[in-house]
Amino acid sequence: MSSSTVITNIAALVTNDPSLGDHSPLGLVRDAAVVIEGDRVVWTGESCKAPATDNRVDADGRAVLPGFVDSHSHLLFAGDRTEEFNARMSGRPYSAGGIRTTVAATRAASDAELEAGLTRYLAEALRQGTTTFETKSGYGLTTADESRALRVAARHTDEVTFLGAHIVAPELADDPAAYVDLVTGEMLDACAPHARWIDVFCEKGAFDGDQARAILTAGKARGLHPRIHANQLSYGPGVRLAVELDAASADHCTHLTDADVDALANSRTVATLLPGAEFSTRAQWPDARRLIDAGATVALSTDCNPGSSFTSSVPFCIALAVRDMGMTPDEAVWSATAGGAAALRREDVGRLVPGAYADLTLLDAPSHVHLAYRPGVPLVAGVWRRGVRKV
């Protein structure tokens, strides 16, 4: 039998089970304990009621919450775009090609180089409390490069997304219909065995609504479930297409009509907000308050990528969401844990309840509120993933 461990003397435990503790969405339990056996949580509650275990960890009056669930990232790439970012932040024009710059570097990189970058960013995220992550292809844009990126990703996570429809490949820029045929045919055939999800960037300059529908529908026919980059740069059909196709998540959701908000609120599709992108591009912030008040489910993720949001820090995104997107600290923490799990249609992560994976983050603070209250401070003091302490 596996040994059991109790983490006790927790000042504030976020369970995300509203039947526990203060009966809020966070299910906040004071003076709490968590019992881990193997890779699962087997008990949560007040410290004084904790069962006997083989091992004991003293949280010393600090807060514990579920490991962050980062449901949107782009970690399979080579190179960076420092010059582009520097020019943008300095008010200078820059025309190095954006995503195409990363595509060229990624195509030129070896599998080992791509995997080294991926593991570096995953270790960086883990140190900041992320225990579950999704990541996408999208910087290869050929059948061979997209499929190899997914094979590399699948060695590190089950939440792998095929994003051949990131932009039209440079060599087919004058024939987007031919590229859509490639993505929905040969490329999909090669990539589907290595992915769980299919994604498309539905935006002016990328793929329109009809193209996005064709790509996502083809993916569904191959057993991949849709998610979509929607309404980031302008109003468009992305959100309503996501709802129509029962996509797990519509991501970005910056420019929304009342009809978009209503559609999200009356569907299973999660609105995943990515404040790192707005921070890094000085763009309009998504209105989380509007979505939450309408009844939509909201997730918070990093969008970690080399062009528009080169951060792996969920705590940073929580602070941005509270400061600039109208979220309360409780809402931001819920969205970065249980919300991210909902965006991946998972119930075994993002919560600290019996049966869930033992993915926990210990803060060097008495409350989860400190994640927004003390922005930029390295508050993560410990991380358990699948019951094993990693940090």
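Residues numbered from 1 in each chain as written. Predicted model: local features only at pLDDT ≥ 70, side-chain atom pairs only at ≥ 80, totals over all residues. Heavy atoms only, no water.

Trainee: So what exactly am I meant to see when it comes to the overall build of the protein chain here?
Mentor: Regarding its fold elements, the protein chain presents 13 helices and 17 strands. Since a compact globule built from 391 residues should have a radius of gyration of about 21 Å, the 21 Å found for the protein chain is in line with a globular shape. Expressed as a percentage of its 391 residues, the buried residues of the protein chain come to 57%. Summed over its atoms, the accessible surface of the protein chain is roughly 15000 Å², and 51% of this surface lies on carbon and sulfur atoms. Placing the 36 positive and 49 negative side-chain charges of the protein chain at their respective mean positions leaves the two points 3 Å apart. (Helix = DSSP H or I, 4+ residues; strand = E, 2+ residues; numbered from the N terminus. Rg over C-alpha atoms; globule rule 2.2 N^0.38 Å. Buried < 20%, exposed > 50% of the residue type's maximum accessible area, 1.4 Å probe, protein only. Areas by Shrake-Rupley, 256 points an atom, 1.4 Å probe, with all protein chains shown as cover. Lys, Arg positive; Asp, Glu negative; His and termini not counted. Charge placed at Lys NZ, Arg CZ, Asp CG, Glu CD.)

Trainee: What is the right way to read the packing of aromatic side chains from this model?
Mentor: Geometry of an aromatic ring pair is reported as the spacing of the ring centres plus the angle between the planes. Scanning the entire structure with this criterion turns up six aromatic pairs. Here the aromatic rings of Y121 and F310 are separated by 5.6 Å at their centres, their planes lie at 65°, and the arrangement is edge-to-face. Pair noted here: Y121 is in helix α3 (residues 111–127) and F310 is in the loop between β14 (298–300) and α11 (314–324), with a separation of 189 residues, a long-range link. Ring geometry for F279 against F316: centres 5.1 Å apart, planes inclined by 90°, an arrangement best described as edge-to-face. Taken together, the residues F279 in helix α9 (residues 275–281) and F316 in helix α11 connect sequence positions 37 residues apart. Taking the relative accessible area as the measure of exposure, F279 reaches 43% and is therefore partly exposed. Put simply, the rings of F77, Y121, Y139 and F310 pair up and form one aromatic cluster. Stacked on the ring of Y357, the Lys or Arg R40 has its end atom at 3.9 Å from the ring centre. Over the ring of W197 we find R227; its NZ or CZ atom is 4.4 Å from the centre of that ring. (Phe/Tyr/Trp six-rings, centres within 6.5 Å; stacked < 30°, edge-to-face > 60°. Lys NZ or Arg CZ within 6 Å of the ring centre and 35° of its normal.)

Trainee: I keep staring at the packing of helix α5 (residues 176–191) against helix α6 (residues 209–221) and nothing clicks. Help me out?
Mentor: Between two packed helices, what matters for the description is the angle formed by their axes and the separation of those axes. For the pair α5 and α6, the least separation of the axes is 10 Å and the interaxial angle reads 10°. With respect to α6, the axis of α5 lies roughly parallel. Each of P176, V180, V183, T184 and L188 in α5 lies in contact with α6, whose residues at this interface are Q211, A214, I215, A218 and G219. Of the residues that constitute the contact of α5 with α6, the class distribution is seven nonpolar, three polar and no charged. (Axes fitted to C-alpha atoms, helices over the stretch in contact; angles between N-to-C directions. Parallel < 35°, antiparallel > 145°, perpendicular 65-115°, else oblique. Contact = heavy atoms within 4.5 Å. Nonpolar A, V, L, I, M, F, W, Y, C, P; charged D, E, K, R; others polar.)

Trainee: Looking at this structure, I do not really get the environment of D145. What am I missing?
Mentor: Turning to its location among the elements, D145 is positioned in helix α4 (residues 143–154). Residue D145 is classed as buried on the basis of its relative accessible area, which comes to 14%. Expressed as a C-alpha distance, the spacing of D145 and V322, which sit 177 residues apart in the sequence, is 38 Å. With residues up to four places along the chain from it excluded, the contact list for D145 reads R107 and G140. One polar contact links D145 to T142, side chain to side chain, over a distance of 2.9 Å. (Polar contact = N/O pair within 3.5 Å; in protein donor to acceptor, adjacent residues only side chain to side chain.)

Trainee: Help me out: how do you make sense of the pairing of strand β3 (residues 40–46) in this one?
Mentor: Each regular strand carries side chains that alternate between the two faces of the sheet. Pairing of strand β2 (residues 29–37) with β3 involves six bridges; the strand directions are antiparallel. Of the residues in β3, the one forming a bridge with A32 is E46. Two successive antiparallel strands, β2 and β3, enclose a turn made up of two residues, where G38 displays a positive phi of approximately 65°. (Pairing = 2+ DSSP bridges.)

Trainee: Help me understand the pattern of salt bridges in this model?
Mentor: Should their charged atoms come close, side chains of opposite charge can pair. Applying the stated criterion across every chain yields a total of 23 salt bridges. Between R88 and E84 there is a salt bridge whose closest N-O contact spans 3.3 Å. Residue R88 and its partner E84 are located together in helix α1 (residues 82–89), separated by four residues, close to a single helical turn. With a relative accessible area of 25%, R88 lands in the partly exposed category. Ionic pairing is found between D258 and R290, a salt bridge with its closest N-O pair at 2.8 Å. One end of the pair, D258, is in helix α8 (residues 258–265); the other, R290, is in helix α10 (residues 288–294), and 32 residues separate them in sequence. Here D258 falls in the exposed class, since its relative accessible area comes to 56%. (Salt bridge = Lys/Arg side-chain N within 4 Å of Asp/Glu carboxyl O.)

Trainee: Got a minute to help me understand the packing of α4 against α5 in this structure?
Mentor: Direction vectors running N to C along α4 and α5 enclose 40°, while the axes themselves pass 9 Å from each other. In terms of orientation, α4 and α5 fall into the oblique class. The hand of the α4/α5 crossing is right-handed. Facing α4, whose interface residues are T143, E146, S147 and L150, α5 presents L182, E186, M187, A190 and C191. Here the contact of α4 with α5 is composed, by residue class, of five nonpolar, two polar and two charged. (Left-handed = near helix turned anticlockwise from the far one by under 90°.)

Trainee: What is the right way to look at the sheet that holds strand β16 (residues 380–385) in this model?
Mentor: Strand pairing in a sheet is mediated by backbone hydrogen bonds. Such pairs are either parallel or antiparallel. An order of β3-β2-β1-β4-β15-β16-β17 is seen for the seven strands of this open sheet, with the pairing classed as mixed. Looking along the sheet, the strands with just one partner apiece sit at the ends: β3 and β17 (388–389).

Trainee: In this structure, what is going on with the side chain of H229? I would like to understand it.
Mentor: Among the secondary structure elements, H229 is positioned in strand β11 (residues 228–230). Polar contacts involving the side chain of H229 include one to the side chain of D199, which spans 3.1 Å.

Trainee: Can you help me understand the environment of V34 in this one?
Mentor: With respect to the helices, strands and loops of the structure, V34 is situated in strand β2. When the C-alpha atoms of V34 and G67 are compared, they prove to be 14 Å apart, with 33 residues separating the residues in sequence. Those residues in contact with V34 that sit more than four places away from it in its chain are T5, V6, I7, I10, L13, V41, W43, T44 and L360.

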